[in-house]
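Okay, here's what each chain looks like letter by letter:
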Amino acid sequence: MALREAVEAGARVVNLSLCLRLDPAAAEAFAADPIWDRLEKEDVVVVCAAGNDAADRDRVPVLPGCLDRPNILMVTATGPSGDLLPNAAVGRRTVHLAAPGGMLLSSDGAAVPVLVSGTSYAAALVSGAAAAVIADHPELTASEIVQRLCRDAENTRAVEGLVRYGHFRWPR
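In this text, all values refer to a predicted model and were calculated from it rather than measured experimentally. (Residues numbered from 1 in each chain as written. Predicted model: local features only at pLDDT ≥ 70, side-chain atom pairs only at ≥ 80, totals over all residues. Heavy atoms only, no water.)

A.B. asks: Where do I start with the overall build of the protein chain in this structure?
C.D. replies: The helix and strand inventory of the protein chain stands at five helices and seven strands. Listed by position from the N terminus, the elements making up the protein chain come as α-β-α-α-β-β-β-β-β-α-α-β. Taking 172 residues into account, the globule formula puts the C-alpha radius of gyration at 16 Å, and the protein chain, at 15 Å, falls close to it. Considering only contacts in the protein chain between residues 6 or more positions apart, those separated by 24 or more positions represent 67%. Counting 16 positive and 21 negative side-chain charges, the protein chain places the averaged centre of each group 5 Å from the other. (Helix = DSSP H or I, 4+ residues; strand = E, 2+ residues; numbered from the N terminus. Rg over C-alpha atoms; globule rule 2.2 N^0.38 Å. Contact = heavy atoms within 4.5 Å. Lys, Arg positive; Asp, Glu negative; His and termini not counted. Charge placed at Lys NZ, Arg CZ, Asp CG, Glu CD.)

Below, the structure is given as structure tokens:
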């Protein structure tokens, strides 16, 4: 429902910080939901968190991040040093980017500052970058935005072989 409302409201970027492990029949039904076709058709970039269970998403897939669609981007998290967070999920084929997601200053909701970490924060950063690209280049398709973010990634030693494209760099 929320994704349909986002499309109807004209959203161009959606951040999904969730990782669903479903049995094969449920996964097939989830992937067949027409919303995924609609998000792609309406040029919505879908940025998904890879999860905080240290799993290899190539072996332990989650949805929606592991849906093979050109408008979907899955992101894992690095700490201040650029190394992966210890609990960050990886995936040489399925996780597109690693982005800063560790030791970030946030609020606990009651205006108290706290340090946070996780792939959801990394996905939020990449979602913001996708929105920035759209602001500068509204003519680009969702697929082109995903390609641009992946193309600009740096394949650092810390994430080499653990993610598909490398460490996120803010788009130029």
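A.B. asks: Explain the environment of Gly 166 here, please?
C.D. replies: Here Gly 166 shows up in strand β7 (residues 166-167). Residue class for Gly 166 comes out buried when judged on its relative accessible area of 0%. Taking the C-alpha atoms as reference points, Gly 166 and Val 95, 71 residues apart in sequence, are found 9.4 Å from one another. For Gly 166, the residues in contact, after removing those within four places along its chain, are His 96, Leu 97, Ala 98, Ala 153, Glu 154, Asn 155 and Val 159. (Buried < 20%, exposed > 50% of the residue type's maximum accessible area, 1.4 Å probe, protein only.)

A.B. asks: How do you make sense of the nonpolar core when you look at a structure like this?
C.D. replies: In this structure, Leu 73, Val 75, Val 126, Ile 145 and Leu 149 are the most contacted members of the largest nonpolar core, which totals 25 residues. Contributing elements (two or more residues each) for this core: β2 (45-49), β3 (72-78), β4 (97-100), α4 (119-136) and α5 (142-151). Sort the elements by how many residues they give to this core and α4 lands first, with seven residues. Ignoring sequence-local partners within four residues, the contact set of Leu 73 consists of Val 46, Val 47, Cys 48, His 96, Leu 97, Val 126, Val 146, Leu 149 and Cys 150. (Core = buried A, V, L, I, M, F, W, Y, C linked by side-chain atoms within 4.5 Å.)

A.B. asks: Would you take a moment to explain the side chain of Asp 58 for this structure?
C.D. replies: Looking at where Asp 58 falls in the secondary structure, it is placed in the loop between β2 and β3. Overall, the relative accessible area of 19% leaves Asp 58 in the buried class. A polar contact of 3.0 Å, which involves the side chain of Asp 58, links it to the backbone nitrogen of Arg 92. Here Asp 58 is in contact with Val 90, Gly 91, Arg 92, Arg 93 and Thr 94, once residues within four sequence places are set aside. (Polar contact = N/O pair within 3.5 Å; in protein donor to acceptor, adjacent residues only side chain to side chain.)

By themselves, these figures tell us nothing about what the structure is for.
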